[in-house]
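Structural description and commentary
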Amino acid sequence: MAIVTAEARPWLAPSASGPVTASVRLPGSKSMTARALVLAALADGPSVIEAPLRARDTVLMSAGLRALGVGVDTSADDRWVVEPGPLRGPARIDVGLAGTIMRFLPPAAALAEGTVEFDGDPHARNRPLRPIVEALRSLGVSIEASPAGGLPLTVHGTGLVEGGEAVIDASGSSQFVSGLLLSAPRFSKGLVLRHEGPPVPSAPHLRMTTHMLRAAGAVVDESTRDVWVVEPGTLRGQTWTIEPDLSGAAPFFAAAAVTGGAVTLAGWPADSWQPVARVKELFSELGAEVTQSADGLTVRGTGTLRGITADLSEVSELTPVVAALAALAEGPSELRGVEHIRGHETDRIRALATELGKAGAEVTEFPDGLRIVPRPLHGTTFETYADHRMAHAAAVIGLAVTGINLADVGCTSKTLPEFPELWAGLVARS
């Protein structure tokens, strides 16, 4: 299988000479775009996705759905059209390094008639997948997986999944639950999914999944803790309007906090399916001021960057940027509740401990997080581990520390291909 990889590009992170003050308009949420694509592919008629994210993960997701027989027209940047069709193999799907593809599409592939093969970037084979594989097997789906239970993966679809009851340990990723729920309305008996194990992380992403399922016409009951019931039924084709990506905004908000400036995320909706309340709370604890108005969501630096003690389990995607802010703060920080990010694009806890330590911070690594004691920082080459969030963290450090070189800024194409240009323009106006 041909593997699509982002171009590796070394990059010197620009340093800010004054407060960063700007209004930025970011592309759509990766999480919402991925869910909308899957729901549209399984719907009873055409759908339109407005303001989608065009980035590596969503381009590969679109290609994967096309391989299954779905019409996905991405020729217009601001309006994608999805035409459902009979799902069929044989097909080969490149997941890249995307958890959304490797966890959302195998359940859909089980509904296809034929064989569907999955593989991706080398590190994708290390990302956890076994829980969703075992859950699908318990529902009667024939799947071949690696000895570790992950990629490369082959789903032998029969055109239907009976569904019923399944038990899963989703403590490694909420995507295990979301992946099963998104296809569950098409299962003959629907799905009763029960989580057994440590708490499921990233609860806001699960809520996004159930909200979007209901918006598409699915009947979902999540009234019992750690149990999700999806009735069999029809998903409606419709228009999905994608919100700006809140996780992608984190480094830009951080720029305001570090430099004492103000950054507004333009186009932010009054009502959001993303964890905006937790993000507001987190940046306030760090010492910034956060407001929301008709102009958008604004973070203002106050000249003080405080150390914090925080459970980041609900907003784990922010961990790298928050860790960078902690390394620049006035006091120590302890960030916990994110053991599952060891299984993301890289082991983010280990990578952050290594790279922040190289820059001069005092970092203690815990199984589920980090303690960071600020020390005078210095220039270094910051490895990014093919991980867009690690690149964001390095860029934030570079605002206040000269000589921060990113070994590869090209990895930001995973969710925001224009990040280097956007960031450089933002800092140039400081």
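Residues numbered from 1 in each chain as written. Predicted model: local features only at pLDDT ≥ 70, side-chain atom pairs only at ≥ 80, totals over all residues. Heavy atoms only, no water.

We now examine the overall build of the protein chain. The helix and strand inventory of the protein chain stands at 12 helices and 23 strands. For a compact globule of 430 residues, the expected C-alpha radius of gyration is about 22 Å, and the protein chain comes in at 21 Å, within 12% of that figure. Summarising its shape, the C-alpha atoms of the protein chain cover approximately 60 × 45 × 45 Å along the three principal directions. Each of the 430 residues in the protein chain was classed as buried or not, and the buried ones make up 58%. Of the contacts formed within the protein chain by residues at least 6 apart in sequence, a portion of 73% connects residues at least 24 apart. Of the accessible surface of the protein chain, which amounts to about 15300 Å², a share of 50% is contributed by carbon and sulfur atoms. Within the protein chain, one finds 36 positive and 47 negative side-chain charges whose respective centroids are separated by 1 Å. (Helix = DSSP H or I, 4+ residues; strand = E, 2+ residues; numbered from the N terminus. Rg over C-alpha atoms; globule rule 2.2 N^0.38 Å. Buried < 20%, exposed > 50% of the residue type's maximum accessible area, 1.4 Å probe, protein only. Contact = heavy atoms within 4.5 Å. Areas by Shrake-Rupley, 256 points an atom, 1.4 Å probe, with all protein chains shown as cover. Lys, Arg positive; Asp, Glu negative; His and termini not counted. Charge placed at Lys NZ, Arg CZ, Asp CG, Glu CD.)

This part is about the pairing of strand β10 (residues 164–168). Pairing geometry for β10 and strand β11 (residues 191–195), over 5 bridges, is parallel. The residue of β11 that forms the bridge with Val167 is Arg194. Running through helix α5 (residues 175–183), the crossover from β10 to the neighbouring parallel element β11 is right-handed. (Pairing = 2+ DSSP bridges. Right-handed = clockwise from strand over helix to strand, strands pointing away.)

Attention now moves to the layout of surface pockets. In this structure, the largest pocket occupies an estimated 590 Å³ of space. Around the largest pocket, the lining comprises 24 residues; the ones closest to its centre are Pro199, Val200, Pro201, Ala203 and Asp226. Of all the secondary-structure elements, those providing two or more residues to the lining of the largest pocket are α6 (203–215) and β13 (227–230). Take the lining of the largest pocket: its biggest share by element is 3 residues, from α6. (1 Å grid on protein atoms, 1.4 Å probe; cavity = no way out; pocket = protein on both sides within 12 Å on 5 of 7 lines; lining within 4 Å. Points joined across faces, edges and corners; volume = space filled by probe spheres on them.)

Take the packing of aromatic side chains next. Scanning the model with the defined rule gives 5 aromatic pairs in all. When the centroid spacing of 5.4 Å and the interplanar angle of 25° are considered together, the rings of Phe419 and Trp423 count as stacked. Separated by 4 residues within a single helix, Phe419 and Trp423 lie in helix α12 (residues 419–428), roughly one turn from each other. (Phe/Tyr/Trp six-rings, centres within 6.5 Å; stacked < 30°, edge-to-face > 60°.)

Spatial ordering of the open sheet is given by β4-β5-β3-β14, a layout of 4 strands whose pairing is mixed. For this open sheet the edge positions go to β4 (71–73) and β14 (239–241), each flanked by a neighbour on one side alone. Neighbour-to-neighbour, the strand axes of this sheet turn through a mean angle of 15°, independent of strand direction. Across 3 bridges, β4 lies against strand β5 (residues 79–83) in antiparallel orientation. Residue pairing in the sheet places Val72 in a bridge with Val82 of β5. (Axes fitted to C-alpha atoms, helices over the stretch in contact; angles between N-to-C directions.)

Now for empty space enclosed by the protein. Taken as a whole and judged by the stated rule, the model has 2 cavities of 30 Å³ or more. Along its surface, the largest cavity is lined by 30 residues, and Lys30, Ser31, Gln175, His205 and Glu317 are the ones closest to its centre. If you list the elements that add at least two residues to the lining of the largest cavity, you get α1 (30–41), α3 (99–109), α6 and α7 (246–259). Among the residues forming the lining of the largest cavity, the class breakdown is 7 nonpolar, 14 polar and 9 charged. Roughly 80 Å³ of internal volume is contained in the second largest cavity. In this structure, the second largest cavity is lined by Leu26, Pro27, Gly28, Leu53, Asp245, Gly248, Ala249, Arg389, His392, Thr415 and Leu416. Of all the secondary structure elements, the ones that give two or more residues to the lining of the second largest cavity are α7 and α11 (388–400). Looking at side-chain class alone, the lining of the second largest cavity contains 5 nonpolar, 4 polar and 2 charged residues. (Nonpolar A, V, L, I, M, F, W, Y, C, P; charged D, E, K, R; others polar.)

What follows concerns the side chain of Gln175. Topologically, Gln175 is positioned in helix α5. Given a relative accessible area of 16%, Gln175 falls into the buried group. Apart from the residues lying within four places of it in its own chain, the contact partners of Gln175 are Gly99, Thr100, Arg103, Phe104 and Ile132.

As a further point, take the pairing of strand β20 (residues 362–366). It is a general feature of regular strands that their side chains alternate between the two faces of the sheet. Relative to strand β21 (residues 369–373), β20 runs antiparallel, the two being bridged by 5 bridges. If you follow Thr364 over to β21, its bridge partner there is Arg371. Hairpin connection, β20 to β21: the antiparallel pair is bridged by 2 residues.

What follows is about the sheet that holds strand β2 (residues 21–24). Each strand in a sheet pairs with its neighbour through backbone hydrogen bonds, running either in the same direction (parallel) or in the opposite one (antiparallel). Spatially, the 4 strands line up as an open sheet ordered β2-β15-β17-β16, and their pairing is mixed. Across the chains shown, the open sheet's two edge strands, defined by having one partner strand only, are β2 and β16 (289–293). Adjacent strand axes in the sheet meet at a mean angle of 15°, parallel and antiparallel pairs treated alike. Where β2 and strand β15 (residues 262–266) come together, 4 bridges link them in parallel fashion. Within β15, the position partnered with Thr21 by the bridge is Ala262. Contacts from helix α8 (residues 276–285) reach β16 and β17 (296–300), with the element oriented near 145° to β16.

Ranked by size, the top nonpolar core spans 73 residues in total, and within it Met61, Phe118, Leu191 and Leu193 carry the most contacts. With 8 residues, α1 is the single largest residue contributor to this core. Judged by nonpolar contacts, the second largest core, of 71 residues, contains Leu297, Ala310, Val322 and Val396. (Core = buried A, V, L, I, M, F, W, Y, C linked by side-chain atoms within 4.5 Å.)

Across the interface, α7 lies against α12 with an axial gap of 12 Å and an inter-helix angle of 15°. In this view, α7 runs roughly parallel relative to α12, as classed from their interaxial angle. The interaxial crossing formed by α7 with α12 has right-handed handedness. Mapping the contact onto sequence places Pro251, Phe252 and Ala255 in α7 and Phe419, Leu422, Trp423 and Leu426 in α12. Among the residues making up the contact of α7 with α12, the classes are represented as 7 nonpolar, no polar and no charged. (Parallel < 35°, antiparallel > 145°, perpendicular 65-115°, else oblique. Left-handed = near helix turned anticlockwise from the far one by under 90°.)

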